[in-house]
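Residue-level structure breakdown
Residues per chain, in single letters:
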Amino acid sequence: MARIKKSDLMECILEALRDNLAVLEKAARAAHAEATHESSKAENKYDTRGLEAAYLAGGQARQAREILESIKVYGALQVKEFGATDPIELSALVELETQGTTGRYFIGPRNGGLEVQYKGTELIVITPQSPLGQQLMGKKTGQRWTTNFNGSRIDYRIVSVM
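Anyway, here's the lowdown on the structure attached to this text. (Residues numbered from 1 in each chain as written. Predicted model: local features only at pLDDT ≥ 70, side-chain atom pairs only at ≥ 80, totals over all residues. Heavy atoms only, no water.)

A closer look at the pairing of strand E1 (residues 93-98)
By the bridge criterion, six bridges tie E1 to strand E2 (residues 101-107) in an arrangement that is antiparallel. When the sheet's bridge partners are listed, valine 94 is paired in E2 with tyrosine 105. The antiparallel pairing of E1 with E2 creates a hairpin that spans two residues between the two strands, and glutamine 99 there sits at a positive phi of about 55°. The pairing of E1 with strand E6 (residues 152-161) spans five bridges and is classified as antiparallel. (Pairing = 2+ DSSP bridges. Helix = DSSP H or I, 4+ residues; strand = E, 2+ residues; numbered from the N terminus.)

Shown next, in the form of C-alpha cells:
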C-alpha cells in the first residue's frame, strides 16, 4: 500500500462527513418545509402527508446531529503511526486480503461503512465494534485467520498495518 499521510486521510474523512451533513441538512429543510406547508394540511383523518414529512424531518435532523458529533470526534482523534509489529487498534490503516481481493480499512471510532477516496484509493471506515473490526483488533501484519459467514468459509490475511 502506498504511504498514506494520516492527517490527509483524516481531512478526507472529515470532508466526507461534512458533505453528508450538507446533504442531510438540505433534505431536513425540505422535509420541514413540506411538513409545515399549507398543502400538507390533512384533508381528512386518513391524510398523513404532513405527519410523515414531520417524522422525516425529525429523523434527518437527528442524523445531522450524529454527524456533527462524529465531526467533533474525528477532529479530536489522535492518530497513531503503526509499525509492522504493532497490534491493530483505533486509527490503524489496514490492508486486508480476502479471497484474493485486497481492501483498505481505517479503524475509526464512528461511522462504520463510510467510504472515502484518498488519492485514487478507496478506503472504508470500520469500527472496533463491527464484526470485522472485532476480528482485526490486536492482530498484526502477516496474520491469517478463517471465519465462516452464512455457511461460507472466508480466509483473511493482513497485508499491512499503518
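Back to the write-up after that little detour.
Examining the packing of aromatic side chains
For the structure shown, the criterion picks out one aromatic pair. Between tryptophan 145 and tyrosine 156, the ring centres sit 4.9 Å apart and the planes meet at 15°, which makes this aromatic pair stacked. Remark: tyrosine 156 occurs in strand E6 and tryptophan 145 occurs in strand E5 (residues 144-149); sequence separation between them is 11 residues. The same class applies to tryptophan 145 and to tyrosine 156, which are both buried. The positively charged end of lysine 139 is found above the aromatic ring belonging to tryptophan 145, 4.8 Å away from the centroid. (Phe/Tyr/Trp six-rings, centres within 6.5 Å; stacked < 30°, edge-to-face > 60°. Buried < 20%, exposed > 50% of the residue type's maximum accessible area, 1.4 Å probe, protein only. Lys NZ or Arg CZ within 6 Å of the ring centre and 35° of its normal.)

Observations concerning the sheet that holds strand E3 (residues 115-118)
Sheet strands pair via backbone hydrogen bonds, and the direction of the pair is either parallel or antiparallel. Read across the open sheet, the six strands follow the order E3-E4-E2-E1-E6-E5; overall the sheet is mixed. Where the open sheet ends on each side, the last strands, each with one partner, are E3 and E5. Strand-to-strand twist of the sheet, defined as the mean angle between neighbouring strand axes without regard to direction, takes the value 40°. In this sheet, E6 lies alongside E5 in antiparallel orientation, the contact comprising six bridges. When the bridges of E6 are listed, tryptophan 145 appears paired with tyrosine 156. (Axes fitted to C-alpha atoms, helices over the stretch in contact; angles between N-to-C directions.)

Digging into the side chain of lysine 139
Here lysine 139 lies in the loop between helix H3 (131-136) and E5. For the buried lysine 139, no salt bridge is present, and the opposite-charge side chain at shortest range is aspartate 155, 13 Å distant. Here lysine 139 is in contact with Asp86, Pro87, Ile88, Trp145 and Ile158, once residues within four sequence places are set aside. (Lys, Arg positive; Asp, Glu negative; His and termini not counted. Salt bridge = Lys/Arg side-chain N within 4 Å of Asp/Glu carboxyl O. Contact = heavy atoms within 4.5 Å.)

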